Amino acid sequence: MAKTGNKGKNKGSDEANSQPSGADAELARSFDINNPVLPPAIADHALTSGGFPYDSELKKKPYGDELTELQLELLKLQSHIQQQGQRFIALFEGRDASGKGSCIRRFMERLNSRHARSVALSKPNEEERGQWYFQRYVRHFPTAGDMVLFDRSWYNRAGVERVMNFCTPEQTEKFLRDVPDFEALIVRDGFAFFKFYLIIGREMQLVRFHERRHNPFKRWKITDVDLAAIDKWDDYTRAQNEIFARTSSEVAPWIIVRANDQRRARLETIRWVLFHSDYPDKDAKAVGTPDPKIISVRA
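Keep in mind that this is a model prediction, so the values were computed, not measured. (Residues numbered from 1 in each chain as written. Predicted model: local features only at pLDDT ≥ 70, side-chain atom pairs only at ≥ 80, totals over all residues. Heavy atoms only, no water.)

(A) Structural context of helix 9 (residues 202-214). A rise of 1.5 Å per residue sets the reference length of helix 9, with its 13 residues, at 18 Å; its end C-alpha atoms lie 19 Å apart and thus fit the reference within 8%. All of the buried residues in helix 9 are Arg202, Glu203, Met204, Gln205, Leu206, Arg208, Phe209, His210 and Arg212. (Helix = DSSP H or I, 4+ residues; strand = E, 2+ residues; numbered from the N terminus. Expected span 1.5 Å × (residues − 1). Buried < 20%, exposed > 50% of the residue type's maximum accessible area, 1.4 Å probe, protein only.)

(B) A look at empty space enclosed by the protein. What the rule picks out here adds up to 2 cavities of 30 Å³ or more. The calculated volume of the largest cavity comes to roughly 100 Å³. In this structure, the largest cavity is lined by 13 residues; those nearest its centre are Gly94, Arg152, Gly159, Val160 and Tyr197. Within the residue set of the lining of the largest cavity, elements represented by two or more residues are strand 1 (88-94) and helix 11 (233-247). In terms of residues, the lining of the largest cavity owes the most to one element, helix 11, which gives 4 residues. When grouped by side-chain class, the residues that make up the lining of the largest cavity number 6 nonpolar, 4 polar and 3 charged. In this model, the second largest cavity occupies a volume close to 40 Å³. Surrounding the second largest cavity, Ser49, Gly50, Phe52, Ile199, Ile200, Gly201, Arg258, Ala259 and Asn260 form its lining. The residue makeup of the lining of the second largest cavity, split by class, is 4 nonpolar, 4 polar and 1 charged. (1 Å grid on protein atoms, 1.4 Å probe; cavity = no way out; pocket = protein on both sides within 12 Å on 5 of 7 lines; lining within 4 Å. Points joined across faces, edges and corners; volume = space filled by probe spheres on them. Nonpolar A, V, L, I, M, F, W, Y, C, P; charged D, E, K, R; others polar.)

(C) A look at unusual backbone geometry. Backbone geometry places Ala97, a non-glycine residue, at a positive phi of 75°. Tracing the chain through its elements places Ala97 in the loop between strand 1 and helix 4 (100-108). Residue class for Ala97 comes out buried when judged on its relative accessible area of 5%. In this structure, Asn165 takes a positive phi of about 60° despite not being glycine. Position of Asn165 among the secondary structure elements: in the loop between helix 7 (160-163) and helix 8 (169-188). On the basis of relative accessibility, which here comes to 65%, the residue Asn165 falls in the exposed class.

(D) The arrangement of the packing of helix 3 (residues 60-84) against helix 12 (residues 262-275) in detail. Between helix 3 and helix 12, whose axes approach to 10 Å, the crossing angle comes to 25°. It follows that helix 3 is roughly parallel to helix 12 by the angle criterion. For the element pair helix 3 and helix 12, the recorded crossing hand is left-handed. Facing helix 3, whose interface residues are Lys60, Tyr63, Glu66, Leu67, Leu70, Glu73, Leu74 and Leu77, helix 12 presents Arg263, Arg266, Leu267, Ile270, Arg271, Val273 and Leu274. Its residues assigned to classes, the contact of helix 3 with helix 12 shows 9 nonpolar, no polar and 6 charged. (Axes fitted to C-alpha atoms, helices over the stretch in contact; angles between N-to-C directions. Parallel < 35°, antiparallel > 145°, perpendicular 65-115°, else oblique. Left-handed = near helix turned anticlockwise from the far one by under 90°. Contact = heavy atoms within 4.5 Å.)

(E) Spotlight on the side chain of Arg157. With respect to the secondary-structure elements, Arg157 resides in the loop between strand 3 (147-151) and helix 7. For Arg157, the residues in contact, after removing those within four places along its chain, are Tyr133, Arg162, Cys167, Gln171, Thr172 and Phe175.

(F) Focus on the environment of Glu268. One can find Glu268 in helix 12. Residue contacts for Glu268: discarding those within four places in its chain leaves Thr289, Pro290, Asp291, Ile294 and Ile295.

(G) Expanded view of helix 8. Under the 1.5 Å per step criterion, the end-to-end length of helix 8 is 29 Å for 20 residues, consistent within 8% with the ideal 28 Å. The set of residues buried in helix 8 consists of Thr172, Phe175, Leu176, Val179, Phe182, Glu183, Ala184 and Ile186. Just downstream of helix 8, Gly190 is the residue with a positive phi angle, here 100°.

Below you can see the structure in the form of structure tokens.
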């Protein structure tokens, strides 16, 4: 078990670039989230962990320039959605510390907040636990002309809730059985619907957890669920793989985003939406083409 105050071993491995068991055990032994010094073996391999295809982060200047152009295009798209009375939903899933919130913030940064909002629900209260599972999410769906971005979504049932034993196996199975029909109904009813799943390597997750623990401006982000996730890498991998296998459909496919480099992840999720949307005065050059090394439809 990775050290969070207790001793033990973590036998997890990265799903995209599995390490030999000996190296994996050594990685776990070397990490102590309470130690302000991050082991070089973790820090040096974080960016390329999980098979990430680039060995350096996108520089700040080209990132900022490109983000501005894409955000201008997003404003055009939002205007079109308002004028046509369309309804837009995008949900962002992924492991803890994969960068879901930061992607959503860049989407939202320059949009008209009267017609675009993010939704990040806390754990259900007693009343909500007695409702149809999807009910508390549906009440946040957009009306005509609006955009809603979910920071985590109904997939909590097959991810966090499943791994942390917050729901029963029967509840998970029922969810996995029902969600394709639920999402097909969303699409048939005319919603623009995007499902993004952010993938990070194990070392990158450890680096981000470590920063949350020791950066005073980010300590509020670290939770008991985060700490538990350090030692449940394999459990989350199994849950993730079943989510992909059973809930990626032709009408509602998973869009996989390699998110070790947060700047690239932010640009490519925005670019994906713009590239796959029709709206007046679209600047195809500014939008560009999604980078297949970073973002792609789950096969």
